[in-house]
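Each chain is listed here by its residues.
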Amino acid sequence: MNRLAIPLLGFMAAVAAGAGERALVDTSRSPHAVLGMFGIDEVRWRGGLLGGRFDVCRDTMVPHLWTIFRDDQESHAWSNFLIAAGLGRGRDGRFHGPPFNDGDFLKWLEALAQVYAVTRDPALDRQMDAIIATVVKAQREDGYLHTQKIIPQRQGDPRAREFEDREHFETYNMGHLITAACVHHRATGKVTLLDAALRAAAYLERLAREAPDELARNAICPSHYMGVAELHRVTRDPRHLALLRTLIELRDRVPGTAVAADHNQDRVPLREAREAVGHAVRANYLYAGLADLFAETGDEGIARSLKAIAADVATQKLYVTGMTGALYDGASPDGSSRHSTIRTVHQAYGRDYQLPNLTAYNETCATIGYAMWMWRQFAVTGDANHADRFEQALYNGILPGISLEGRHYFYVNPLRRMADFTWPLRWSRSRTPNIKSSFCCPPNVVRTIAEAHNYVYARSDGAVWVNLYAASSLDSAWPGGGRLRLRQETDYPWEGAVRLVFDEVPASELALRLRIPGWLAPGGARLRVNGTAVPVSAPGTFAEVRRNWKAGDVVELDLDLAPVLLEANPLVEETFNQVALRRGPLVYCVEAADLPGDVRLADVVLPVSGGRPVFKRERRTIAGADVMMLTASAIAGGTRPWAKDELYREVGDAAPRSFALTFTPYFAWGNRGEGDMTVWLPRR
């Protein structure tokens with residue numbers, strides 16, 4: 001029997017045994033997970049901010065990316081698959097683009113599958129069938145998929161060999177193949193792409209046996225950990241769980257070798273790691289994969305490392321926007337007395353409290369990786385603080401990655417932009433229509449928006465969890481019999497009133513668990529069931545109402561969304577004596593577009609010494625999206641502009657004047673043309 005057929009046989013046996021969970025991240029039967037998602041088509045948006053983002057994703061973001069991928073001058077990613085499959089020539093019959101373009105294209109395919117799961121548009125199903133036929137034909141018979149090497153190999157070039165450069169991202173590409181295949185299977189029930197994923201897993205399994213050191217060195221942006229974890233959850237084949245464990249354990253072969261460095265989180269053994277280091281995208285993908293491993297195995301050494309690293313990020317390395325990866329280039333281990341061990345780190349986490357604003361890197365993919373990690377930490381702990389971090393990253397770190405109209409992208413995400421700062425930075429501080437040299441972020445943010453509804457609710461034995469507040473509905477068969485149909489009516493995050501209506505309930509007792517966000521002030525939540533007040537737990541926990549529900553029961557949760565001024569630890573030099581504005585989960589900023597014509601952003605000061613500012617609310621439309629702006633009284637310093645040859649000068653004595661200052665939700669900034677912006681403002 002062909003060995004490559006064995007995984008597929010194992011999968012078919014699992015299907016026959018009743019493996020049918022269809023969640024995006026399926027921890028429903030993970031022995032060490034506390035909770036799991038509902039099926040990928042069981043939650044629907046019913047308007048609201050996130051529902052509106054999904055509509056733009058469905059109608060513009062996903063189709064527009066397909067236009068880019070098919071344009072040889074803009075991407076060449078699709079042509080690379082066509083050439084590898086022997087179905088086209090692209091520009092000249094050769095591979096073009098960054099080596100990780102395969103994985104980025106497959107992220108987009110994952111988004112397409114998720115949109116199909118919700119819409120059931122037959123045209124999308126046919127589109128996926130045609131694309132998958134090409135991807136499968138491009139894959140080698142042994143399961144290897146990396147068109148940068150397959151194209152020259154099939155053209156007879158003896159110099160093209162696998163894993164010759166760890167920066168070629170082979171395992172990253174195959175990881176996204178496996179993840180996309182799992183989502184496609186859950187959306188359609190088809191095994192066409194899943195079969196390719198099984199062959200890729202078989203290839204990695206063989207490589208782990210025959211060339212473990214080579215495989216360990218090439219675990220770059222290790223999407224294959226999450227991919228193999230999900231493949232195990234689809235097939236329930238113990239070999240895939242064994243493969244996941246092996247892939248991660250192999251990392252401990254790297255410390256002490258010539259390539260070991262914090263850049264790829266392989267300087268120290270996994271279970272000894274206690275702080276977030278190195279390239280933030282690679283780090284967050286790794287930590288998410290480790291959380292998947294813990295969910296399946298209960299490895300306490302991994303759990304201890306993840307707990308310490310998560311705390312390190314949350315308390316010392318996380319932007320107020322939920323972003324990570326502060327530096328374009330850093331050094332690690334920074335400050336080590338052993339100078340020879342210090343290496344350059346790209347897209348670095350940086351030192352504790354090293355959080356610049358103007359030059360902040362914050363790659364969109366790093367924030368997405370952080371959100372995926374935080375969800376998995378939440379799934380294995382049930383700790384509301386991880387759900388808070390997920391929400392923080394979603395609204396303030398992921399949504400900004402794409403323009404409101406859905407066709408322009410941020411690669412990096414600064415917290416301040418100043419036209420006077422003319423130093424040449426590697427990446428634009430404005431959204432661009434393409435990022436040719438590194439197109440990883442656009443499809444990543446699009447797939448995350450396409451999949452965001454999966455995070456709203458979760459379930460565990462006898463309980464339904466409400467993790468995010470957003471206008472939505474849930475319709476799912478309940479384990480043990482019956483059906484749960486639930487509606488969430490709210491204008492969150494603009495308003496704090498949330499109304500949950502049970503339309504159909506199982507006969508058994510059911511606990512409703514409602515996240516009481518950690519950003520609330522004590523007493524900032526009020527809860528009623530059918531009009532009767534019930535006790536609510538403290539912020540940063542889940543409030544529970546357990547009872548035998550009946551159709552028509554109504555639960556009302558009121559959250560106080562009063563604007564709050566935040567200050568940072570004084571060790572964050574760049575924000576010393578400054579404040580940032582947050583309302584509910586949303587961080588706000590100030591854009592030059594909203595300033596009086598004679599006021600420069602650099603001169604704006606927020607007065608706070610006489611009491612907290614009074615903020616007024618105003619709904620506006622920006623680029624077709626409904627947003628809530630806030631206004632408060634501020635002071636313009638009235639200083640003269642700085643000359644380029646001035647570094648220091650005597651403080652001027654110009655009389656300050658008051659004016660009405662407008663704040664924009666950070667996710668919506670940069671949608672009204674070029675202009676200065678800041679999240680942090682000096683206070684007086």
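None of these values were measured; they are calculated from a predicted model.

**Q** For a nonpolar patch on the surface, give the residues involved together with the corresponding values.
**A** Together, Phe 421, Trp 423 and Leu 425 line one region of the surface with nonpolar side chains, adding up to about 320 Å² of accessible area. You can see Phe 421 is positioned in the loop between strand E4 (416-417) and helix H16 (441-451).

**Q** Summarise the packing of aromatic side chains; cite the residues concerned and give the values.
**A** Taken as a whole, this structure holds 31 aromatic pairs when the rule is applied. Between the aromatic rings of Phe 615 and Phe 663, the centroid separation amounts to 5.8 Å while the plane-to-plane angle is 70°, which identifies the pairing as edge-to-face. A residue pair is termed long-range when its members are at least 10 positions apart, and Phe 615 in the loop between strand E18 (604-605) and strand E19 (616-622) and Phe 663 in strand E21 (residues 657-665) qualify at 48 residues. Across the pair, Phe 663 and Phe 615 agree in class, each one buried. Three or more aromatic residues joined by ring pairs make a cluster, and in this case those are Trp 66, Phe 69, Trp 78, Phe 81, Phe 105, Trp 108, Tyr 409 and Phe 439. One Lys or Arg, Arg 547, reaches over the ring of Trp 549 and ends 5.1 Å from the middle of that ring. Directly above the ring of Trp 642 sits Arg 649, whose terminal nitrogen or CZ lies 4.0 Å from the centroid.

**Q** Outline the environment of Tyr 144, supporting the account with residue identities and numerical values.
**A** With respect to the helices, strands and loops of the structure, Tyr 144 is situated in the loop between helix H5 (122-138) and helix H6 (147-154). Along the backbone, Tyr 144 and Ala 636 are 492 residues apart, and their C-alpha atoms lie at a distance of 61 Å. Leaving out residues up to four positions away in the same chain, Tyr 144 has contacts with Gln 139, Lys 149, Ile 150, Glu 162, Phe 163, Glu 170, Met 174 and Tyr 203.

**Q** Before we move on, could you go through the nonpolar core and cite the residues and values that matter?
**A** Core analysis: the largest hydrophobic core is formed by 217 residues, its most contacted members being Trp 108, Trp 373, Trp 375, Leu 661 and Phe 663. Once residues within four sequence positions are removed from consideration, Phe 663 is found in contact with Leu 581, Tyr 588, Cys 589, Val 590, Leu 606, Phe 615, Met 629, Leu 630, Ala 632 and Leu 681. Grouped together as the second largest cluster of nonpolar side chains are 22 residues, Ala 360, Leu 415, Trp 669 and Met 677 included.

**Q** Could you give me a rundown of the sheet that holds strand E11 (residues 525-529), with the residues and numbers involved?
**A** Taking strand neighbours across the sheet as the criterion, the seven strands line up as E1-E7-E8-E9-E14-E11-E12 in an open arrangement whose pairing is antiparallel. Each of the sheet's edge strands pairs with one partner strand only, and the pair in question is strand E1 (43-45) and strand E12 (532-534). For this sheet the average axis-to-axis angle between neighbouring strands, irrespective of direction, equals 20°. In this sheet, strand E14 (residues 554-559) lies alongside E11 in antiparallel orientation, the contact comprising five bridges. Within the sheet, the bridge partner assigned to Val 529 lies in E14 and is Val 555.

About the cut-offs
Residues numbered from 1 in each chain as written. Predicted model: local features only at pLDDT ≥ 70, side-chain atom pairs only at ≥ 80, totals over all residues. Heavy atoms only, no water. Patch = residues over 30% accessible without salt bridge, like charges linked within 9 Å, V, L, I, M, F, W, Y side chains within 5 Å. Areas by Shrake-Rupley, 256 points an atom, 1.4 Å probe, with all protein chains shown as cover. Salt bridge = Lys/Arg side-chain N within 4 Å of Asp/Glu carboxyl O. Helix = DSSP H or I, 4+ residues; strand = E, 2+ residues; numbered from the N terminus. Phe/Tyr/Trp six-rings, centres within 6.5 Å; stacked < 30°, edge-to-face > 60°. Buried < 20%, exposed > 50% of the residue type's maximum accessible area, 1.4 Å probe, protein only. Lys NZ or Arg CZ within 6 Å of the ring centre and 35° of its normal. Contact = heavy atoms within 4.5 Å. Core = buried A, V, L, I, M, F, W, Y, C linked by side-chain atoms within 4.5 Å. Pairing = 2+ DSSP bridges. Axes fitted to C-alpha atoms, helices over the stretch in contact; angles between N-to-C directions.

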